[in-house]
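Remarks on the overall topology
Residues per chain are reported as follows:
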Amino acid sequence: MNNGKAFRRGMLHGIPIGLGYLSVSFGFGILAAGKGLTVLQATLISLLNLTSAGQAAGVDVIAAHGTLIEMALVQLTINIRYALMALSLSQKLDGRFTAKHRFLAAYGITDEIFGVCAAQPEPLVPAYMYGMILGAVCGWVLGTFLGAAAGALLPESVTSAMGLMLYGMFLAIILPPARKQRSVLCVVVIAAFLSCICKYCLPMLSAGFAVIICAVLAAAAGALIFPRKEDAEE
Amino acid sequence: MSIAIYIAVMAGVTYLIRVIPFAFFRKKIKSKFLRSFLYYIPYAVLSAMTLPAILYSTGSMPTAIAGTAAALVLAYFGCPLIVVALAASLAAFLTGLFL
């Protein structure tokens, strides 16, 4: 497949991802503006990070005037899954993926882009990934811009309700696998339980650190109680 | 502290997480514990971030509970992310009209 065709095909696969991102990033834009960030700052965060949970947690750290160490640890914990996805994708790259392309395309590894790329039967070429990343990034950045800019124009009853959007998406990500796998359900319940304890019993713990501690403990418990078989499907 | 520095740290860490394995690693992780841990961590993070924060996300507990309930039901039945996210907001908004 030539580069132009691969790029267009990637773009075609990226547009639905971008449309899905649009409304979620709209919610992020409102959230970020609500916590005192400017439209430019919110849009820049989306352009540079391209990750929902990490950005939401990052904005919390900024709003709470957390330390930079906390910011780095929060991002590391929340986004470490991308390392696993990057590792998995690195095994199926076409020979055209030179070092330069690897450095560029790594920027666009998200849950959805990983999912679609990993599901392709043939080895990945750079043009295909670039097309998909472009489609997805446009939706993510545009949505953030609109949310941050128009958030102030919309009535408060609407924007406050949209604050739920990101969390609704998180529930939509964790519930279906939790329903199918007892191990995931167990991890999810432990994490939520610990998080409630942190919130109500340890109020001096900042939100960012609380998420890190709860998530690491819950995932470690899951790994100890339910170690996964080598070839278990992901 | 300048917000630009926060954004730079945030973006830098996130990029390094993606690029290091993508550009340099060629082997598979062998440790069963580590593989399992990495598999569970996203679910643990999302769960810890969502609860109990979702209940305070609208500024009013009743509307947040309505939105959460809608999200839980639709997510349980495997509706697409976008549908769950929009329905949760809509449920919270509609509940807000009656308060």
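Remember, predicted model here, so these are calculated numbers, not experimental data.

Focus on the packing of aromatic side chains
- Scanning all chains against the criterion turns up 8 aromatic pairs over all chains.
- Between the aromatic rings of A:Phe97 and B:Phe22, the centroid separation amounts to 6.0 Å while the plane-to-plane angle is 85°, which identifies the pairing as edge-to-face. Highlighted residues: A:Phe97 in the loop between α4 (68-90) and α5 (99-105) and B:Phe22 in helix α1 (residues 3-24), drawn from two different chains.
- When the ring of B:Phe33 is compared with that of B:Phe37, the centres are 6.2 Å apart and the planes differ by 20°; the resulting orientation is stacked. One end of the pair is B:Phe33 and the other is B:Phe37, both in helix α2 (residues 32-50) and 4 residues apart, which spans about a single turn.
- Each member of the aromatic cluster is reached from another via a ring pair, and the members are B:Tyr39, B:Tyr40 and B:Tyr43.

Some remarks on the nonpolar core
- Core analysis: the largest hydrophobic core is formed by 99 residues, its most contacted members being A:Met129, B:Phe22 and B:Met49.
- Domain assignment of the residues forming this core places at least three in each of domain 1 (3-172) and domain 2 (181-234) of chain A.
- Excluding anything up to four places from it in sequence, B:Met49 contacts A:Ala53, A:Ala56, A:Ala57, A:Ile78, A:Tyr167, A:Phe170 and A:Val211.

Regarding the side chain of A:Thr110
- Tracing the backbone shows A:Thr110 in the loop between α5 and α6 (111-118).
- Beyond its immediate chain neighbours, meaning those up to four positions away, A:Thr110 contacts A:Tyr21, A:Leu50, A:Tyr82, A:Met85 and B:Arg18.

A word on the domain arrangement of chain A
All names here are of chain A.
- Here chain A is partitioned into domain 1 (3-172) and domain 2 (181-234).
- Placing the centre of domain 1 and that of domain 2 at their C-alpha centroids yields a distance of 23 Å.
- Contact residues are listed per partner, giving 6 residues for domain 1 and 7 residues for domain 2.
- Taken together, the two surfaces of domain 1 and domain 2 that pack against each other cover about 510 Å², and 80% of this comes from carbon and sulfur.
- Taken together, the connections running from domain 1 to domain 2 amount to 0 residue pairs in polar contact (both at pLDDT 80 or more).
- In the side of domain 1 that touches domain 2, the residues fall into 4 nonpolar, 1 polar and 1 charged.

Some points on α1(B)
- With 22 residues, α1(B) extends 31 Å from end C-alpha to end C-alpha; this agrees with the ideal 32 Å at 1.5 Å per step.
- Where α1(B) begins, the capping side chain belongs to B:Ser2, and its oxygen is found 3.1 Å from the backbone nitrogen of B:Ala4.

Procedures and definitions
Residues numbered from 1 in each chain as written. Chains lettered and ligands numbered in written order. Predicted model: local features only at pLDDT ≥ 70, side-chain atom pairs only at ≥ 80, totals over all residues. Heavy atoms only, no water. Phe/Tyr/Trp six-rings, centres within 6.5 Å; stacked < 30°, edge-to-face > 60°. Helix = DSSP H or I, 4+ residues; strand = E, 2+ residues; numbered from the N terminus. Core = buried A, V, L, I, M, F, W, Y, C linked by side-chain atoms within 4.5 Å. Buried < 20%, exposed > 50% of the residue type's maximum accessible area, 1.4 Å probe, protein only. Domains from an automatic or database assignment. Contact = heavy atoms within 4.5 Å. Buried area = accessible area lost by both parts, 1.4 Å probe. Polar contact = N/O pair within 3.5 Å; in protein donor to acceptor, adjacent residues only side chain to side chain. Nonpolar A, V, L, I, M, F, W, Y, C, P; charged D, E, K, R; others polar. Expected span 1.5 Å × (residues − 1).

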